[in-house]
Each structure stands twice: as C-alpha cells, then as structure tokens.
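This is what each chain is made of:
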Amino acid sequence: MVDYLIVGAGLYGATFARTMTDHGKTCLVIDKRSHIAGNVFSKTVDGIEVHQYGPHIFHTNSEMIWDHVRQFATFNDYRHKVLSDVNGDKYSFPINLKTLESLWGEMSDAELLKKFESVKSAHTHNETLEDWAIAEVGEEIYRKFIYGYTKKQWGTEPANLPRSIITRIPVRNNRDDNYHAARFSGIPVDGYTSMVANMLDGIRVILDADYLENRSFWDSWARTVVYTGPVDEFFDYEHGEMKWRSLNFQHRMLKTPQFQDVAQVNHPDEHVPYTRSIEHKHFVPSTMGDTQHTVVTLEYPQKYIRGLEKYYPVCDDEQRSIYEAYRKIIPSNFIFGGRLATYRYYDMDQVIASALSDARNRLC
Ligand code: UDP
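Residues numbered from 1 in each chain as written. Predicted model: local features only at pLDDT ≥ 70, side-chain atom pairs only at ≥ 80, totals over all residues. Heavy atoms only, no water.

Asker: Which parts of the structure should I look at to understand the overall build of the protein chain?
Answerer: Across its full length, the protein chain holds 12 helices and 16 strands. The principal-axis extent of the C-alpha atoms belonging to the protein chain is close to 70 × 50 × 35 Å. Counting all 364 residues of the protein chain, 55% fall into the buried class. Restricting to contacts in the protein chain with at least 6 residues of sequence separation, those with at least 24 account for 72%. Element-wise, carbon and sulfur atoms account for 47% of the exposed surface of the protein chain, whose accessible area totals about 16,700 Å². (Helix = DSSP H or I, 4+ residues; strand = E, 2+ residues; numbered from the N terminus. Buried < 20%, exposed > 50% of the residue type's maximum accessible area, 1.4 Å probe, protein only. Contact = heavy atoms within 4.5 Å. Areas by Shrake-Rupley, 256 points an atom, 1.4 Å probe, with all protein chains shown as cover.)

Next comes the structure, spelled out in structure tokens:
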C-alpha cells in the first residue's frame, strides 16, 4: 500500500510525486506508455535531441517555477524565434515591425505604425477569432498569416472559433521578435526526458501499465489516486465524449547540416498540409555544428478519433459543460490533474504550478 498512486508520468504526475515524496509520502507512478515524461518526451536520435510530441520551449514569468525546474535540469538560455513561410517568403512571427517591413518595404518605425493602424478594421463584435484578428492586424495580414494556419489547425473556419485561441499570440508595435514574452526561457540541455527522470529519482515507476484496463487492481495499491488521463474515459463517457484536435508528427532525418534558419517555421498557406516544420538542433544552439545531418519534424493537424493522441481541447460552451458534469462526480479519494484530466490547454509552467499547488494543498 502506498499513500499515492499516480497515473501518468508526465509533468503533472512527476511534479506531484516528487513533492509528496520529499514530504515523506510514499508514491507509485504508473504510465500506459513505454516511456516517462508524457508529451514532453524527447529522445536522442544520432546526437540530436528530438521532441517526439511537438516542440516544447520552457518559458515562464514565475521565478518560483523557474527555480523549481532548474533543480532537475541545466537549462540553456534559448529564446524561441519563429518564421512564417507565406508562399515561399519568410516573415518574422508573431507580427512585429520586422514583419511589417518585410511586407511593405523599408519605412521608418513611425510610418510602419501609421500604416499598421490604417489597415486595422473597426470591427466591434470581435468575439470570434476571425473578427478579433482582422481588428488587430487587418485583412491582408490575417489572410496571409492566420486564416490558413488556423483553418488547418482546427479543421474549421476561423469565423467559428473563439478569439481565446489566438489571444495568447502577441501583436507587437516594436521590433521584438521573440515568440514568448516570458521573463525566463530555455531548454534542458540533456533533454526533457532526463529532466523528468531526475524528478522521479528514487520513486517507483511502472511503465506499460494501463490503469483503466485494470482499475480495481491499481486502486487497491493506494489510499489516494492522482489521475492524469482523459476525464471522459475515466467515467466511461457517461456524460459524452469530449472533443480534441489531434496531430501527426513526421520526423525526418536529413543529410544536411542545417535545414532552416530557426527552430520553428510556420506554414500558414492552405495548400501546404502541415502547419509547422521543426528543426530540433536549434534548441541547443551550442550543438548546431556537431552533426552533418539534421532532424526535422513536420506537424500535420488531424481530426481526433478514438485511439489517436489528444492534443488540443476544443473549448466551446458544450465541452465546458460536459467537463463540468464530470468534474462534479470525481470521487473524493481522487485528484484529477494535468491537461487530459482537466480538459485544459496548459503551458509547461502552468501544469507544474498546478501540480505543486495541488500537492501543497494536500500537505496543509
Ligand atoms: N496561429 C496562426 N498563425 C501562426 C501561429 C498561430 O494563426 O503562424 C494561431 C492559430 O489559430 C493557433 C493559435 O494562433 O491555433 C495559437 O498558436 P500557438 O503557436 O500558441 O499554438 P501552440 O504552440 O500552442 O500549438
């Protein structure tokens, strides 16, 4: 018998397990995958650390979280720069004065800003992603950088989507081309898997263990279960199946030292089936020259069907009310945490913060 059975060895589960173990509680972590680290799982492929489930750039405004993660890994000072490929031309993204200059030619900053103001529309009902974006950046920029990307990403017209999806992307009136505005940013130089392994140091972990297939067996091991799997599957879909968007990653090894100028190039053109190309070696710039080959991942958005990986929750009112119905029936000896169990899109720092807070609440 242990104090906590933790279902899922991703960032939430590992953070919770570490905190409880450090406070004298006994924990057992299980995961149905054959590896730890959930979707931040990375592995070394011919000398290059490859993010297996999409690019993960650690960024946070919280000094507490930044100090916390650096107990488990050495981080470099990588800051994420993204280019957007529109019909073969590369533009700085998110939209900033460099983007406008590439679009409209050389002008003073004041002239660029004046023109930028003049192209924005005076939409008043900007609740949808489309209306909000046109109001913020104007029709031309919306069509080039946002419309196709968003339609591919979500499999629907941007006019059907809430603006909350895009407001996380800044629109800048200066030349700052960092993708994230966070105070702290970096990549663990030995990879995320090694970071999560350090979090789990000394804690028993069983892989290839599917909790839902044998839940009474696993429940018998612990007083409290911390569940990080999909909330609807846990309840056998009794209030309905929750909607997700899925992704298909195609990893390619190329016999060239460098494929693109930055780690991430976005592909908003509708006729290009993928949304991003990721060249992993950029994440650890000190290793750029180490290999004559490179690994590139193309990211293809997909309709979610059962059996595929769940990536993005489709947060509309209907889904929120289904989630609420599930949340109300969570048994008292269970804690639900992380992206899948709380049906929330989380950045890494947010998921760690929520696991720390849930663990500390239990310890009070
Ligand atoms: N987006 C876009 N063009 C881009 C990048 C993002 O229109 O080149 C929009 C798109 O709607 C996307 C949202 O911004 O769903 C959030 O993008 P983000 O890069 O935050 O997505 P994530 O990295 O979380 O997949």
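Asker: In this structure, what is going on with unusual backbone geometry? I would like to understand it.
Answerer: Leave glycine aside and you will find that most residues have negative phi; peptide bonds, for their part, are mostly trans. With an omega dihedral of 10 degrees, the bond running from phenylalanine 93 to proline 94 counts as a cis peptide bond. As for its placement among the helices and strands, proline 94 is situated in the loop between strand 7 (89-93) and helix 3 (97-104). Backbone geometry places asparagine 87, a non-glycine residue, at a positive phi of 50 degrees. In this fold, asparagine 87 is placed in the loop between strand 6 (82-86) and strand 7. A positive phi is found at aspartate 208, a non-glycine position, where the angle reads about 55 degrees. Take aspartate 208: its relative accessible area is 56%, and that puts it in the exposed class.

Asker: Quick question: what am I supposed to make of the nonpolar core here?
Answerer: Buried together is how nonpolar side chains tend to be arranged in soluble globular proteins. Leu11, Phe16, Phe58, Ile141, Phe145 and Leu200 are the most contacted members of the largest nonpolar core, which has 75 residues in total. Non-local contacts of phenylalanine 58, meaning those with residues more than four positions away in its chain, are made with Ile65, Trp66, Val69, Phe75, Phe184, Ser185, Gly186, Tyr192, Met348, Asp349 and Ile352. Counting 26 residues, the second largest nonpolar core, distinct from the first, contains Trp218, Met242, Tyr304 and Tyr323. (Core = buried A, V, L, I, M, F, W, Y, C linked by side-chain atoms within 4.5 Å.)

Asker: What is the right way to look at the site of the ligand in this model?
Answerer: Around the ligand sit 17 residues, and of these Thr150, Arg168, Tyr179, Tyr312 and Tyr345 come closest. Measuring from an oxygen atom of the ligand, one finds a side-chain N or O atom of tyrosine 179 at 2.5 Å. In the environment of the ligand, an oxygen atom lies 2.8 Å from a nitrogen or oxygen atom belonging to the side chain of asparagine 266. Classifying every residue of the shell around the ligand gives 12 nonpolar, three polar and two charged. (Near = heavy atom within 4 Å. Polar contact = N/O pair within 3.5 Å; in protein donor to acceptor, adjacent residues only side chain to side chain. Nonpolar A, V, L, I, M, F, W, Y, C, P; charged D, E, K, R; others polar.)

Asker: Would you take a moment to explain helix 10 (residues 317-328) for this structure?
Answerer: Along an α-helix, residues three or four positions apart point the same way, because every turn accommodates 3.6 residues. Relative to the 16 Å expected for 12 residues at 1.5 Å per residue, helix 10 spans 17 Å between its end C-alpha atoms, a close match to the ideal helical length. Among the residues of helix 10, Gln319, Ile322, Tyr323 and Tyr326 are the ones counted as buried. The buried residues of helix 10 occupy an angular sector of 100 degrees when the element is viewed end-on, so they sit on one face. Opposite the buried face of helix 10, by more than 90 degrees, sit the exposed residues Asp317 and Lys328. Residues of helix 10 that are buried sit in contact with helix 9 (231-234) and helix 11 (339-342). (Expected span 1.5 Å × (residues − 1). Arc of directions from axis to C-beta.)

Asker: Would you explain the sheet that holds strand 7 in this entry?
Answerer: Note: strands within a sheet are paired through backbone hydrogen bonds, in either parallel or antiparallel orientation. The strand order across the open sheet built from seven strands is 7-6-12-13-14-11-15, with neighbouring strands paired in mixed fashion. Each edge of the open sheet is held by one strand with a lone partner, namely strand 7 and strand 15 (312-313). With three bridges joining them, strand 6 and strand 12 (residues 264-266) adopt parallel strand pairing. If you follow valine 82 over to strand 12, its bridge partner there is glutamine 264. Against the sheet, helix 6 (residues 139-154) contacts strand 6, strand 7, strand 11 (244-254), strand 12, strand 13 (276-279), strand 14 (294-303) and strand 15, and its axis sits at roughly 105 degrees relative to strand 11. (Pairing = 2+ DSSP bridges. Axes fitted to C-alpha atoms, helices over the stretch in contact; angles between N-to-C directions.)

Asker: Got a minute to help me understand the packing of aromatic side chains in this structure?
Answerer: Here the distance between the centres and the angle between the planes together describe a pair of aromatic rings. Scanning the model with the defined rule gives 28 aromatic pairs in all. Between tyrosine 78 and phenylalanine 283, the ring centres sit 5.4 Å apart and the planes meet at 80 degrees, which makes this aromatic pair edge-to-face. Of this pair, tyrosine 78 sits in the loop between helix 2 (63-69) and strand 6 while phenylalanine 283 sits in the loop between strand 13 and strand 14, placing them 205 residues apart in sequence. For the pair tyrosine 78 and phenylalanine 283, one class covers both residues: buried. Aromatic pair phenylalanine 217 and tryptophan 221: ring centres 5.9 Å apart, planes at 70 degrees, arrangement edge-to-face. Among the residues examined, phenylalanine 217 registers a relative accessible area of 39% and is labelled partly exposed. Against the face of tyrosine 147 rests arginine 143, its NZ or CZ located 4.9 Å from the ring centre. Across from the ring centre of phenylalanine 234, 4.6 Å away, lies the NZ or CZ of arginine 215, which sits over that ring. (Phe/Tyr/Trp six-rings, centres within 6.5 Å; stacked < 30°, edge-to-face > 60°. Lys NZ or Arg CZ within 6 Å of the ring centre and 35° of its normal.)

Asker: Help me out: how do you make sense of the environment of methionine 20 in this one?
Answerer: By secondary structure assignment, the location of methionine 20 is in helix 1 (residues 11-22). Discounting chain neighbours no more than four positions away, the residues touching methionine 20 are Tyr4, Lys25, Cys27, Ala359, Arg362 and Leu363.

Asker: Would you mind showing me how to read the sheet that holds strand 10 (residues 222-227) here?
Answerer: The five strands are arranged 9-2-1-10-16 in an open sheet whose pairing can be described as parallel. Of all strands in the sheet, those with a lone pairing partner are strand 9 (204-206) and strand 16 (334-336), marking the two edges. Between one strand axis and the next, the sheet turns by 20 degrees as a mean value, whatever way the strands run. Relative to strand 10, strand 1 (residues 2-7) runs parallel, the two being bridged by five bridges. Following the sheet pairing, leucine 5 is matched in strand 10 by valine 225. Lying on the sheet, helix 1 is in contact with strand 1, strand 2 (27-30), strand 10 and strand 16; it crosses strand 1 at an angle near 165 degrees.

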